[in-house]
Amino acid sequence: MMKLGCSVHDILGSSIYDNIKYVGEAGFDSIFLLWNDSMDTEEVMATAKNFNIAVESFHAPFVNYNSIWEEGNLGDRETEKIKKCIRVAAEYDVKTVVSHVVSDINAPLTSNLGLCRFGKIVIEAEKYGVKLAFENTEYTRHLALVFSAFDSPLFCYDAGHEHCFTPGVDHMAMFGKRLGFLHLHDNLGMNKSFRASHDDDLHRIPFDGDMDWKKVLGSIKKVAYGGSLMLECDPGHDMPLYGGLSAKEYYTKTYAAAKKLAEMYAEL
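The following paragraphs examine the structure supplied in this document. (Residues numbered from 1 in each chain as written. Predicted model: local features only at pLDDT ≥ 70, side-chain atom pairs only at ≥ 80, totals over all residues. Heavy atoms only, no water.)

Points about the overall build of the protein
No. 1: Across its full length, the protein carries 10 helices and eight strands.
No. 2: Considering only C-alpha atoms, the protein reaches an extent of 45 × 45 × 35 Å along its principal axes.
No. 3: Here the protein holds 268 residues, and 54% of them are scored as buried.
No. 4: Contacts in the protein between residues far apart in sequence, at least 24 positions, make up 75% of those at least 6 positions apart.
No. 5: Summing over all exposed atoms, the protein offers an accessible surface of approximately 12100 Å²; the carbon and sulfur share of this is 50%.
No. 6: Separation between the mean location of the 27 positive side-chain charges and that of the 38 negative ones in the protein comes to 4 Å. (Helix = DSSP H or I, 4+ residues; strand = E, 2+ residues; numbered from the N terminus. Buried < 20%, exposed > 50% of the residue type's maximum accessible area, 1.4 Å probe, protein only. Contact = heavy atoms within 4.5 Å. Areas by Shrake-Rupley, 256 points an atom, 1.4 Å probe, with all protein chains shown as cover. Lys, Arg positive; Asp, Glu negative; His and termini not counted. Charge placed at Lys NZ, Arg CZ, Asp CG, Glu CD.)

Digging into helix α2 (residues 41-50)
No. 1: For α2, the full list of buried residues reads Thr 41, Val 44, Met 45, Thr 47 and Ala 48. The buried residues of α2 occupy one face: seen down the axis, they fall within an arc of 155°. Residues Glu 42, Lys 49 and Asn 50 are exposed on α2 and point more than 90 degrees away from its buried face.
No. 2: Remark: Asn 52 follows α2 within two positions and exhibits a positive phi of approximately 60°. (Arc of directions from axis to C-beta.)

Some remarks on the packing of aromatic side chains
No. 1: One pass over the full model with this rule turns up 13 aromatic pairs.
No. 2: Ring geometry for Phe 155 versus Tyr 157: centroids 6.0 Å apart, planes at 45°, classification tilted.
No. 3: Judged by relative accessible area, which is 0%, Phe 155 ranks as buried.
No. 4: The class of Tyr 157 is buried, set by a relative accessible area of 2%.
No. 5: Members of the aromatic cluster, each reached through a chain of ring pairs, are Trp 69, Phe 118, Phe 134, Phe 147, Phe 155, Tyr 157 and Phe 175.
No. 6: Directly above the aromatic system of Phe 207 lies the positively charged group of Lys 260, at a separation of 4.3 Å from the ring centroid. (Phe/Tyr/Trp six-rings, centres within 6.5 Å; stacked < 30°, edge-to-face > 60°. Lys NZ or Arg CZ within 6 Å of the ring centre and 35° of its normal.)

Digging into the sheet that holds strand β1 (residues 4-8)
No. 1: A sheet is described by the order of its strands in space; here eight strands give the open sequence β7-β6-β5-β4-β3-β2-β1-β8, paired in parallel fashion. On the outer flanks of this sheet lie β7 (179-183) and β8 (229-231), each paired with one strand and no other. The mean angle between the axes of side-by-side strands here comes to 30°, regardless of whether they run parallel or antiparallel.
No. 2: Of the strands in this sheet, β5 (131-135) and β6 (154-158) are in contact with helix α5 (residues 141-149), which crosses β5 at around 150°.
No. 3: Strands in contact with helix α8 (residues 213-221) are β6, β7 and β8; relative to β6, the strand with the most contacts, it is inclined by about 170°. (Pairing = 2+ DSSP bridges. Axes fitted to C-alpha atoms, helices over the stretch in contact; angles between N-to-C directions.)

A look at helix α1 (residues 16-26)
No. 1: Within α1, burial applies to Ile 16, Asn 19, Ile 20, Tyr 22, Val 23 and Ala 26. For α1, the buried positions fall inside an angular range of 165° around the axis, keeping them on one side.
No. 2: Residues of α1 that are buried sit in contact with β1, β2 (30-34), α2 and α10 (247-267).
No. 3: Phi turns positive one or two residues past the end of α1, at Gly 27, with a value near 125°.

In short, shape yes, function no, at least from these values alone.
Rendered as structure tokens:
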């Protein structure tokens, strides 16, 4: 069976440290972390090591991603944040950093300046020997442009984003040859207005939405993906559904879904 992983942070009233423990107790092999400057990286990494859980990747900060494409100091600062995330990953032997290239429906147009800044990020990853994986979000054109400009970045396939932001766009057909990481979570698809919205990005546990998981897993298997089945579930996006669970119960339920996905994948 493939290795199973999930994102970990402070949820449902429990600290990230307790939740790393619960993830290990549930049965997961690995995790990924939403890295930021305020994180006590040393303590978090030590906790994961203590519970024998591999940290596969950091997710770079993403609050101001769009500024990278725009004039101004904010874009420069955001570029430096992602570069720092890469350096910290290298320091702690975390093999992969996942990054958006754009975020939000009100994204700016692509620009030469943005491409230059992403070039600096790519060079930083190459310099420190960290794999850089860009994921699909609300718009595909920014991602396609970055992939056309740089050879080394990998693709992080976010199946949930595709379902609710860009239904009908087959990102695996476009970028599957570069697949290096997964973000798997469920939702109810795009809203009736047919306009992408963060409110639709529910980050539910697989099988708690209406995604066609056989189709998703089939597209992954076509490219002979050899990495972990990595879930990116977050109860904070849908508290009416998960608010009654403890963090331990939540990760136990998440692991059961991950195991079912792995079994489906093996049968394809």
